[in-house]
Structures are given as C-alpha cells and as structure tokens.
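These are the residues of each chain, in order.
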Amino acid sequence: MGGMIAQEFALQYPGRVRKLGLGCTTCGYRHAVPASDEEHEKTRLRAGMSPEEGSWFLVPHIYAKATPRERIAEDIAIRVRTFPTAQGYLAQLAGIFAWDARDRISAIRAETLVIHGGEDELVPPGNALEIARRIPGARLEMLPDASHIFFTDLPERSTDLVRDFFSGPPRVSRAGMDQACSRPAPRSLLPRIPDFRF
C-alpha cells in the first residue's frame, strides 16, 4: 500500500517530489495484473490470525525461495511489533481495492525508480511493467531472485539501487521544481475513493 500512497502523493503534490521510488506495487487494483485466487484467499485468511502466525503463513508467497530462514525470522520479529489489528488490516485491504490511478500516473513528473521482485506472487511483476510504461521516463529494475519483500531477499542489491537512485542528481531542474510547486494539483487528479468506515 505504501507504493500507492507514494503515487498519490506525487500526483497531489508534484512540487514536493523530485524522486519517487516504487517497490512491488500497482497503479490500481481494478486494473492490476491479478494475483491468483489462492493468493487472494490467503490474504483474506491472514486477517483472523495473530501477527506472528499471519506473517509465517504468508512466507512462501512474499519471500524468495532462496532467502535464508534466519533472515526471514529476523524480518518477522521486527514486523510483528507494528502489525495492524484485524480491523486495521481489513481497512488497508479496502483502501487497496478502492484506489486507482492507472489513468492519472502519466502526470507524474518526478524521476521514478520502479523495483519489483520477479518471484512476487502477492503483486505479480506485470504490475511493475505497467507502472514503468505509464510514468514518463520511469526506470524499471526487476529483481529475478526476489519476491514481494525484495529488500529482505536481496538486501545489498536493494540498498545499492535505492541509495544510488536517491543520492544521484535529480533529473528535474530546481527551476522546474519551483514552477511545479507554485501550481496546485488539478482537480481532475483528485481520486474518487469511497469513505470506508468500520
């Protein structure tokens, strides 16, 4: 969901985003390359599990097969500390299913890096191709030996890609950013997302 929020932020506040990093995300559920029915069912079942149980339940679907079990255990130990409640998790899913920017992301002018794991079963890699195709000048980095949690699967490679991208000079000039900052986002870019209340 973080990638969706990042895309929306870049659309709403173009003058505040020089560079945009998107990892294992989609430009909208309605037009996404879908996960399998099995993935959808596992995502739904996770809502009723404890944080630790839910995390281990999804391991085969969000981590690469070659990722050492010890590294996954370290990752899960960190993630369970901030695991959402069942209500929060279901609200997150509702937001994911409702949000869509496929027809708007071509307006993103920030220099964009799209990273995706080639083994990602939760958000299939075809979604990265769609985003990179729609955002002008976007750079796609497909990591064939990684899955949804690519930064745990390939920590060194992921870190290098992100660090090099964000530490390099921006493609957009400062004058261009100042000009973009002075213009509010067009009303046509604002999403029409239903109000979900639980």
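This text follows the structure it describes.
Worth saying up front: this structure is predicted, and the values here are computed from it rather than measured. (Residues numbered from 1 in each chain as written. Predicted model: local features only at pLDDT ≥ 70, side-chain atom pairs only at ≥ 80, totals over all residues. Heavy atoms only, no water.)

Caption draft 1: Main features of helix 2 (residues 37-46). For helix 2, every residue scored as buried is listed here: Glu39, Lys42, Thr43 and Arg46. Along helix 2, the residues classed as buried sweep out an arc of 100° about the axis, all on the same side. The inward-facing, buried residues of helix 2 abut helix 3 (51-62) and helix 5 (86-98). (Buried < 20%, exposed > 50% of the residue type's maximum accessible area, 1.4 Å probe, protein only. Helix = DSSP H or I, 4+ residues; strand = E, 2+ residues; numbered from the N terminus. Arc of directions from axis to C-beta. Contact = heavy atoms within 4.5 Å.)

Caption draft 2: Main features of the packing of aromatic side chains. Under the criterion given, the structure shown has 4 aromatic pairs. Their ring planes at 75° and their centres at 5.4 Å tell us that Phe150 and Phe151 sit as a pair that is edge-to-face. With a relative accessible area of 8%, Phe150 lands in the buried category. Note on Phe151: relative accessible area 47%, which makes it partly exposed. Arranged with centres 4.9 Å apart and planes meeting at 80°, the rings of Phe165 and Phe166 form a pair that is edge-to-face. A residue is classified by how much of its surface remains accessible, and Phe166, at 42% relative accessible area, is partly exposed. (Phe/Tyr/Trp six-rings, centres within 6.5 Å; stacked < 30°, edge-to-face > 60°.)

Caption draft 3: Representation of the packing of helix 3 against helix 4 (residues 69-79) in the model. Relative orientation of the contacting elements helix 3 and helix 4 amounts to 130°, with a least axis distance of 11 Å. It follows that helix 3 is oblique to helix 4 by the angle criterion. At the point where helix 3 passes helix 4, the crossing takes the right-handed sense. Here helix 3 contributes Ser55, Trp56, Val59 and Ile62 to the contact with helix 4, which in turn contributes Arg69, Ile72, Ala73, Ile76 and Arg79. Across the contact of helix 3 with helix 4, the residue classes tally to 6 nonpolar, 1 polar and 2 charged. (Axes fitted to C-alpha atoms, helices over the stretch in contact; angles between N-to-C directions. Parallel < 35°, antiparallel > 145°, perpendicular 65-115°, else oblique. Left-handed = near helix turned anticlockwise from the far one by under 90°. Nonpolar A, V, L, I, M, F, W, Y, C, P; charged D, E, K, R; others polar.)

Caption draft 4: A look at the sheet that holds strand 2 (residues 111-117). Strand order in this open sheet of 3 strands is 1-2-3, and the pairing throughout is parallel. Every other strand in the sheet has two partners, leaving strand 1 (19-23) and strand 3 (139-143) as the edge strands with one partner each. Averaged over all neighbouring strand pairs, the angle between strand axes comes to 15°, with direction disregarded. Pairing of strand 2 with strand 3 involves 5 bridges; the strand directions are parallel. (Pairing = 2+ DSSP bridges.)

Caption draft 5: Structural context of the pattern of salt bridges. Inspection of every chain in the model, using the stated rule, returns 10 salt bridges. With its nearest N and O atoms 3.5 Å apart, the salt bridge here joins Asp103 to Arg102. Judged by its relative accessible area of 55%, Asp103 falls in the exposed class. Using a relative accessible area of 23% as the deciding quantity, one classes Arg102 as partly exposed. Where Arg163 meets Asp164, a salt bridge forms, and the shortest distance between an N and an O atom there is 3.8 Å. (Salt bridge = Lys/Arg side-chain N within 4 Å of Asp/Glu carboxyl O.)

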